[in-house]
Amino acid sequence: MIASSIEKIASVSAMNVRKDIPVFDVGDTVKMKIKVKEADKIRIHPFEGTVIKKTGVGLGAAFTVRKISFGEGVERTFPVNSPVIDKIEIVSKGVIKRAKLYYLRDRLGKKARVQVDQTAKAAEHTAKVVEQTAKV
């Protein structure tokens, strides 16, 4: 009885997990397109910032993105499988030593940046070059 209900929950959660979301980690800079409902229209709103926190697993997974807008820090928490998220792109991979980057809240300017992983950037560049040469 209990095993069948656990199997039902697992099957429902497997159906609702989004597969178009890329794998990203805390410290990565992401560029997101978010659906915003205004009156009777839905528009796409860009949101770019650093992932400072990831929590949960499966359907309950969520992440928090922080950006600086007009000198003021803005944080938004999104469920990973939310239909509000239209698209996520990874701009850069970050080099961090912590699981939560709450210390960025107290910092301004260049101090509030996360160091970029140069090896990931180089691998991305070589992949683009190979792709361009394949087209020619």
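Residues numbered from 1 in each chain as written. Predicted model: local features only at pLDDT ≥ 70, side-chain atom pairs only at ≥ 80, totals over all residues. Heavy atoms only, no water.

S.K.: Quick question: what am I supposed to make of the overall build of the protein chain here?
M.R.: For the protein chain, the helix and strand inventory stands at 2 helices and 5 strands. Walking the protein chain from its N terminus toward its C terminus, one meets helices and strands in the order α-β-β-β-β-β-α. Relative to the compact-globule value of 14 Å for 136 residues, the protein chain shows a C-alpha radius of gyration of 18 Å, a clear excess of over 25%. For the protein chain, the spread of C-alpha atoms along the three principal axes comes to 55 × 45 × 40 Å. Within the protein chain, the proportion of its 136 residues that are buried is 24%. Contacts spanning at least 24 positions in sequence make up 51% of the contacts within the protein chain whose residues lie at least 6 apart. For the protein chain, the centre of its 27 positive side-chain charges and the centre of its 15 negative side-chain charges are spaced 3 Å apart. (Helix = DSSP H or I, 4+ residues; strand = E, 2+ residues; numbered from the N terminus. Rg over C-alpha atoms; globule rule 2.2 N^0.38 Å. Buried < 20%, exposed > 50% of the residue type's maximum accessible area, 1.4 Å probe, protein only. Contact = heavy atoms within 4.5 Å. Lys, Arg positive; Asp, Glu negative; His and termini not counted. Charge placed at Lys NZ, Arg CZ, Asp CG, Glu CD.)

S.K.: Would you explain the sheet that holds strand E1 (residues 29–38) in this entry?
M.R.: Strands pair in a sheet through their backbones, by hydrogen bonds, and they do so in one of two ways: parallel or antiparallel. Pairing is antiparallel across the open sheet formed by 5 strands, whose spatial order is E4-E3-E2-E1-E5. Looking along the sheet, the strands with just one partner apiece sit at the ends: strand E4 (72–79) and strand E5 (85–92). Taken pair by pair, the neighbouring strands of this sheet meet at an average axis angle of 40°, ignoring direction. With 5 bridges joining them, strand E2 (residues 41–55) and strand E3 (residues 62–69) adopt antiparallel strand pairing. From the neighbouring strand, Lys-54 faces E3, where its bridge partner is Phe-63. (Pairing = 2+ DSSP bridges. Axes fitted to C-alpha atoms, helices over the stretch in contact; angles between N-to-C directions.)

S.K.: What exactly am I supposed to notice about unusual backbone geometry here?
M.R.: As a rule of thumb, non-glycine residues mostly have phi less than zero, and peptide bonds are mostly trans rather than cis. Positive phi outside glycine occurs at Ala-39, with the angle close to 55°. Structurally, Ala-39 can be placed in the loop between E1 and E2. Judged by its relative accessible area of 75%, Ala-39 is exposed. Positive phi values are uncommon outside glycine, yet Phe-70 reaches one of about 55°. You can see Phe-70 is positioned in the loop between E3 and E4.

S.K.: How should the nonpolar core be read in this particular structure?
M.R.: When a protein is soluble and globular, its nonpolar side chains tend to lie buried together. Among the nonpolar cores identified, the biggest contains 14 residues, and Met-32, Phe-63, Val-65, Phe-78 and Ile-88 are the most heavily contacted of them. For this core, the secondary-structure elements that each account for two or more residues are E1, E2, E3 and E5. Excluding residues within four positions of it along the chain, Phe-78 makes contact with Met-32, Ile-34, Phe-47, Ala-62, Phe-63, Val-65 and Ile-85. Val-26, Leu-101, Leu-104 and Val-114 belong to the second largest nonpolar core, which has 5 residues in total. (Core = buried A, V, L, I, M, F, W, Y, C linked by side-chain atoms within 4.5 Å.)

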